[in-house]
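# Examination of the molecular architecture
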Amino acid sequence: MSTSAEWIARDAAAVWHPFTQHATWTGDDPVVVDRAEGPWLIDVDGRRYLDGVSSLWTTTLGHGHPDIDAAITAQLARLDHSTFLGTTHTPGIELSEALIALAPKGTGPDLTRVFYAGDGSSAVEAALKIAYQYSTQTGRSRPKFVRLEHAYHGDTLGAVAVGGHRLFHDAYKPLLLDTIGVASPGDRANGRHRGAVAIAELQAAMRRDGDQVCAIIVEPMMQGAAGMFDHDAAYLVAARELADAYGALLIFDEVATGFGRTGKMWAAEHAGIVPDLLTCGKGITGGYLPLSAVLAAEHVYDAFLARPGDTAPRTFFHGHTYTANPLCCAAALANLRVMGEQNVIGQAARLGERLGKLLEPVAAKPGVLEVRRLGTMIGVEVAAVGERTGFEVCRAARERGVWLRPLGDTVVLMPPLTLGDDETDLLVSALDAAVDEVLG
Ligand code: PMP
């Protein structure tokens, strides 16, 4: 028995994995990752796989980056953990300043305040609660959120309530907040974008219920977990205008798109639109440690400051034990430093262009329905020829030394932003051969 087989047997006896059907889990021959080097994962039997999805869309600089390793080690020697309740600490302050300096600029308010959380979902929870409390503290309670069809904002109940991914979310419907669902501008119905339809639907929803809406929440430019549904900047322009016209906040969820993934620091920059609240996570620490944040506009923050004559406290009663953990903040600071010094955004934009070119012949294959891409955020949708076609393509790529994951029948490519040319070639050639094997 290989070492992997032994570990998988122990795993099967003790572990419950996320998003995993355990009746078939071991049959899928899971990879038991032992270590990683740059963009490579290495399993306990010594097999190497190019990590084509940056772990879970997070390891933007690859694994084992010396600067991030050193920053975490140095921070560990000073302060491992301390609470943000009643105390503060230097990496948390420095990171907040760095994030504010990097925040998107354009139509909309400057983002001047940082609230931390632990992962993407908890950043979304915080943003939703901030938006609702903002409404109560600036006028009157507006208990509804506008959410988009196919949206994915995480797995906690608030985040699920503003989601629109039927497979992931329908089971929890009876538990959820009351929301207003509108069409997705990236919907592929009839093989066409539905940007104009979606804008019209958002306008109608706001005309009807706008006075009930505390926030509109959008994954800007690309709905990731939906299967990489990109949309036009015009939708974000319309969402900004409508939020302003009806006194609602605009939330951009940049958990997947932030930190260079789309070829710019923020997806919002493709449209020149700034939201009132921006959630981010994933690549913030280069994928090393769990950290997320909500960037907030000053007018939102200001509504939480006590005023003479208040009858209720304006405090945001929300936070977690590990909020702004110093090790995570130190990793994030090192990541942002490397991103700046090595022009990682420029590298990401070039890598995206190169991938786009290399994928042209793949897109032309009869079994490939569409290749959707913004920067290095890519979905390759294949025609279903069985129950798990996307999965089978990923399995065939794995046999060629490339690790990929599907979203349904869309194969996701989200490599480290600094991937070298040879590895990029391997990534696409393995996908190309895998598509031929499964759909040829
Ligand atoms: N929002 C978006 C847009 C995401 O893509 C994700 C995760 N894929 C989340 C929120 C949730 O983040 P996490 O898994 O870190 O809770």
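Residues numbered from 1 in each chain as written. Predicted model: local features only at pLDDT ≥ 70, side-chain atom pairs only at ≥ 80, totals over all residues. Heavy atoms only, no water.

Quick reminder of the rule: UniProt positions are given in the numbering used here, feature names are shortened, and annotations may be inferred rather than shown by experiment.
Going by an unreviewed UniProt entry, the protein carries the name Adenosylmethionine-8-amino-7-oxononanoate aminotransferase and comes from Glycomyces harbinensis. One UniProt comment on the protein, placed under Cofactor (unreviewed entry), says "pyridoxal 5'-phosphate". In its Function (unreviewed entry) section, the UniProt entry covering the protein states "Catalyzes the transfer of the alpha-amino group from S-adenosyl-L-methionine (SAM) to 7-keto-8-aminopelargonic acid (KAPA) to form 7,8-diaminopelargonic acid (DAPA). It is the only aminotransferase known to utilize SAM as an amino donor."

### Considerations on the nonpolar core
Basically, it comes down to this: In this description, a nonpolar core means a group of buried Ala, Val, Leu, Ile, Met, Phe, Trp, Tyr and Cys residues linked to one another through side-chain atoms lying within 4.5 Å. The buried label applies to any residue whose accessible area, calculated with a 1.4 Å probe on protein chains only, is under 20% of its type's maximum; exposed applies above 50%, and partly exposed to all values in between. Segments assigned H or I by DSSP are reported as helices when at least four residues long, segments assigned E as strands when at least two residues long, and all are numbered from the N terminus. Source of the domain bounds: an automatic or database domain assignment. Contact between two residues is taken to exist if any of their heavy atoms lie within 4.5 Å; hydrogens are not considered.
If you look at the biggest cluster of nonpolar residues, it comprises 99 residues, and the most contacted ones within it are Leu 99 and Leu 277. Tallying contributions element by element places helix α11 (residues 326-341) first for this core, with 10 residues. Composition of this core by domain shows at least three residues from each of domain 1 (31-64 + 343-439) and domain 2 (70-342). Apart from the residues within four sequence positions on either side, Leu 277 is in contact with Ala 127, Ile 130, Ala 131, Leu 249, Leu 250, Ile 251, Phe 252, Val 294, Leu 295, Ala 296 and Val 300. Counting residues in hydrophobic clusters, the runner-up holds 26 residues, among them Leu 50, Cys 394, Val 428 and Leu 431.

### Focus: the UniProt feature "modified residue: N6-(pyridoxal phosphate)lysine" (unreviewed entry) in the protein
The condition is simple: What qualifies as a polar contact is a pair of N or O atoms within 3.5 Å, subject to a donor-acceptor requirement within protein and to the restriction that residues adjacent in sequence count only when both atoms come from side chains.
According to UniProt, the "modified residue: N6-(pyridoxal phosphate)lysine" (unreviewed entry) feature falls on Lys 282. Tracing the backbone shows Lys 282 in the loop between β11 (277-280) and β12 (292-297). Classification of Lys 282 by relative accessible area gives partly exposed; the value is 23%. Ignoring anything within four residues of it in the chain, the contact list for Lys 282 reads Leu 56, Trp 57, Thr 58, Val 255, Ala 256, Gly 287 and Leu 291. Of note is the side chain of Lys 282, whose polar atom sits 3.1 Å from the backbone oxygen of Leu 56.

### As for helix α12 (residues 344-358)
Put simply, the rule reads: Helix span is expected to be 1.5 Å times the residue number reduced by one.
For α12, which comprises 15 residues, the first-to-last C-alpha distance of 20 Å matches the rise-based estimate of 21 Å (1.5 Å per residue) to within 8%. Looking at α12, one finds that the buried residues are Val 344, Gly 346, Ala 348, Leu 351, Gly 352, Leu 355 and Gly 356. The secondary structure elements touched by the buried residues of α12 are α11, α13 (360-363), β13 (368-374), β14 (377-382) and α15 (421-439).

### Remarks on the site of the ligand
For the record, the criterion: For each residue, the test is whether any non-hydrogen atom lies within 4 Å of the molecule or strand; if one does, the residue is near. Where accessible areas are quoted, they stem from the Shrake-Rupley method and a 1.4 Å probe; at the residue level, only the protein chains shown are allowed to cover. Under the grouping applied here, Gly and all other residues not named as nonpolar or charged are polar, the nonpolar ones being Ala, Val, Leu, Ile, Met, Phe, Trp, Tyr, Cys and Pro and the charged ones Asp, Glu, Lys and Arg.
Lining the immediate environment of the ligand, one finds Trp 57, Asp 119, Gly 120, Ser 121, Tyr 152, His 153, Gly 154, Glu 219, Asp 253, Val 255, Ala 256 and Lys 282. Interatomic distance of 2.6 Å between a side-chain N/O atom of Asp 253 and a nitrogen atom of the ligand. Lys 282 places a side-chain nitrogen or oxygen 3.2 Å from a nitrogen atom of the ligand. About the coverage of the ligand: the protein hides 85% of its 390 Å² of free accessible area. Residues of the shell around the ligand, tallied by class, amount to 4 nonpolar, 4 polar and 4 charged.

### Considering the packing of helix α8 (residues 195-209) against helix α9 (residues 233-246)
What counts here: Helix axes are fitted only over the stretch in contact, all axes being lines through C-alpha atoms; the angle between N-to-C directions runs from 0 to 180 degrees. Roughly parallel covers angles under 35 degrees, roughly antiparallel covers those over 145, roughly perpendicular covers 65 to 115, and oblique covers all other angles.
The geometry of α8 relative to α9 is characterised by a closest axis approach of 10 Å and an angle of 10° between their N-to-C directions. By the angle between their directions, the pair α8 and α9 is classed as roughly parallel. Judged by residue contacts, Gly 195, Ala 198, Ile 199, Leu 202, Gln 203, Met 206 and Arg 207 of α8 engage Ala 234, Tyr 235, Ala 238, Ala 239, Leu 242 and Tyr 246 from α9. Taken together, the residues of the contact of α8 with α9 sort by class into 10 nonpolar, 2 polar and 1 charged.

### Some words on the sheet that holds strand β7 (residues 213-218)
Stated formally: A pair of strands is labelled paired if DSSP reports no fewer than 2 bridges between them.
One open sheet holds the 7 strands; their spatial order is β4-β12-β11-β10-β7-β5-β6, and the pairing between them is mixed. Edge positions in the open sheet fall to β4 (111-117) and β6 (179-182), since each of these has one partner strand only. When the angles between neighbouring strand axes are averaged without regard to direction, this sheet yields 20°. Seen against the sheet, helix α5 (residues 120-138) touches β4, β5 (144-148), β7, β10 (249-253), β11 and β12 and runs at an angle of roughly 25° to β12. α8 contacts β5, β6 and β7 of the sheet and is inclined by roughly 155° relative to β6.

### Structural notes on the domain arrangement of the protein
For an interface, size is often stated in terms of accessible area lost upon the parts coming together. Rules: Buried area, as used here, totals the accessible surface that two parts lose on assembly, with accessibility defined by a 1.4 Å probe and the loss added over both. Here, a salt bridge means any Lys or Arg side-chain nitrogen found within 4 Å of an Asp or Glu carboxyl oxygen.
When the domains of the protein are assigned, the result is domain 1 (31-64 + 343-439) and domain 2 (70-342). The C-alpha-based centres of domain 1 and domain 2 are spaced at 27 Å. At the junction of the two partners, domain 1 supplies 31 residues and domain 2 supplies 30 residues. Surface buried jointly by domain 1 and domain 2 totals about 2400 Å² across both partners, of which 63% is contributed by carbon and sulfur atoms. On the domain 1 side of the contact with domain 2, Ile 345, Leu 374 and Met 377 bury the most area, a combined 27% of that side's loss. Along the contact surface separating domain 1 from domain 2 lie 0 salt bridges. Applying the counting criterion to the domain 1 and domain 2 interface returns 14 residue pairs in polar contact (both at pLDDT 80 or more).

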